[in-house]
Amino acid sequence: MASTNLRTERLALRPVRDEDIDRILEYRNLPEVSRWLLRTEVDRADFRAAWRRGAADPNDRSVAVTLDSVVIGTVSLYVRDGMGQPGMPPGTEAEIGYIFDPNYGGHGYATEAVSAMLAYSFDRLGVRRITAGCYADNLPSVRLLEKLGMRREQHGVGDSWHAELGWVDGYTYALLGDEWRLRP
């Protein structure tokens, strides 16, 4: 079973525990948070089961982000094989995502946690490329990804259904390990 434990200056990143689920759902189900998620409503039991499945998957390195032992967010990281011909090295790509409690916004916690997961992915897991997606109108997410040095590679026009807004644009961002290591 994969297990990711990291520390930053202010945060601890660790595997999600069963007792974290209710806390995660507190902020995950806030309208200002769920508005930007593909699944706006989740069943508590299904959500718990999904985290348990992830904990048993060696490619899922998702974590709870804690500040003074309080869960303030999650960063999901799923490592996979890239596209290529036979003989390509395994586990060269990853997809990253995040959800944070808006009550802890404006202090750089999301930037700090996602940055730590990028560094972990490139430096310790040997991932070559990481992607992330968001709705184009989710400006805080756009700013975060760009602040971390991710490059917008795709602008999908009307490619995502939004329950309130109808068909909306989506962005895909990416970053190579070599680019990460060259950043200032």
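Residues numbered from 1 in each chain as written. Predicted model: local features only at pLDDT ≥ 70, side-chain atom pairs only at ≥ 80, totals over all residues. Heavy atoms only, no water.

Engineer: Before we move on, can you summarise the pairing of strand β4 (residues 70-80) with the specific residues and values?
Structural biologist: As defined by bridge partners, strand β3 (residues 63-67) adjoins β4 across 5 bridges and the pair is classed as antiparallel. Following the sheet pairing, V65 is matched in β4 by G73. What sits between β3 and β4 in their antiparallel hairpin is a turn of 2 residues, with D68 showing a positive phi close to 50°. Two elements, β4 and strand β5 (residues 93-100), share 8 bridges in a ladder whose sense is antiparallel. Bridging across to β5, L77 finds its partner in I96. (Pairing = 2+ DSSP bridges. Helix = DSSP H or I, 4+ residues; strand = E, 2+ residues; numbered from the N terminus.)

Engineer: Quick one: what's the story with the pattern of salt bridges, residue by residue and with numbers?
Structural biologist: Inspection of every chain in the model, using the stated rule, returns 18 salt bridges. A salt bridge links E146 to R152, with the nearest nitrogen and oxygen atoms 3.0 Å apart. Judged by its relative accessible area of 37%, R152 is partly exposed. Salt bridges sharing partners connect three or more residues here, namely R80, E93, E95, R128, R129, R151, E153 and E179. (Salt bridge = Lys/Arg side-chain N within 4 Å of Asp/Glu carboxyl O. Buried < 20%, exposed > 50% of the residue type's maximum accessible area, 1.4 Å probe, protein only.)

Engineer: Tell me about the sheet that holds β4, residues and numbers included.
Structural biologist: One open sheet accounts for 8 strands, arranged β1-β2-β3-β4-β5-β6-β8-β7; its pairing is mixed. The open sheet has two free edges, formed respectively by β1 (6-7) and β7 (151-162), since each of these has just one partner strand. Bridge count between β1 and strand β2 (residues 12-14): 2 bridges; the pairing is antiparallel. Residue pairing across strands places R7 opposite A12, the latter belonging to β2. Each of β5, β6 (129-135), β7 and β8 (166-176) touches helix α5 (residues 139-147); the most contacted strand, β6, lies at about 160° to it. (Contact = heavy atoms within 4.5 Å. Axes fitted to C-alpha atoms, helices over the stretch in contact; angles between N-to-C directions.)

Engineer: So what's going on with the environment of R14? Which residues, and what values?
Structural biologist: In this structure, R14 sits in strand β2. Excluding its chain neighbours within four sequence positions, the residues that come into contact with R14 are T4, N5, D20, V63, A64, T66 and V71.

Engineer: Let's hear about helix α4 (residues 109-124): which residues, and what values?
Structural biologist: Here α4 contains 16 residues, and its C-alpha end-to-end distance of 22 Å stays within 8% of the 22 Å for a straight helix at 1.5 Å per residue. Along α4, the residues that are buried comprise Y109, E112, A113, V114, A116, M117, L118, Y120, S121 and F122. (Expected span 1.5 Å × (residues − 1).)

Engineer: Give me the nonpolar core: which residues, what numbers.
Structural biologist: Ranked by internal contacts, the top residues of the largest apolar core, which has 36 residues, are L13, V75, I96 and L118. Examining the composition of this core, we find that 8 residues originate from one element, α4, more than from any other. Apart from residues no more than four positions distant in its own chain, L118 is found in contact with I96, I130, L148, L175 and W180. V16, I24, V42 and V71 belong to the second-largest nonpolar core, a separate cluster that totals 10 residues. (Core = buried A, V, L, I, M, F, W, Y, C linked by side-chain atoms within 4.5 Å.)

Engineer: Go over the packing of aromatic side chains, please, and point to the residues and values.
Structural biologist: Pairs of aromatic rings are described using the distance from one ring centre to the other and the angle between the two planes. With the rule as written, the count across this model stands at 5 aromatic pairs. With a centroid separation of 6.3 Å and 75° between ring planes, the pair formed by F47 and W51 is classed as edge-to-face. Note that F47 and W51 are positioned in helix α3 (residues 44-56) at a spacing of 4 residues, about one turn of the helix. On the basis of relative accessible area, F47 is assigned to the buried category, the value being 14%. Summarising the aromatic geometry, the rings of F122 and W180 are spaced 6.2 Å apart at their centres and angled 40° between planes, so their arrangement reads as tilted. Of this pair, F122 sits in helix α4 while W180 is found in helix α6 (residues 177-182), placing the two residues 58 residues apart along the sequence. An identical accessibility class is assigned to F122 and W180; each is buried. We note R152 situated over the ring of Y171; from NZ or CZ to the ring centre the distance is 3.7 Å. Looking at R183, its charged tip hangs above the ring of W180, at a distance of 3.5 Å from the centre. (Phe/Tyr/Trp six-rings, centres within 6.5 Å; stacked < 30°, edge-to-face > 60°. Lys NZ or Arg CZ within 6 Å of the ring centre and 35° of its normal.)

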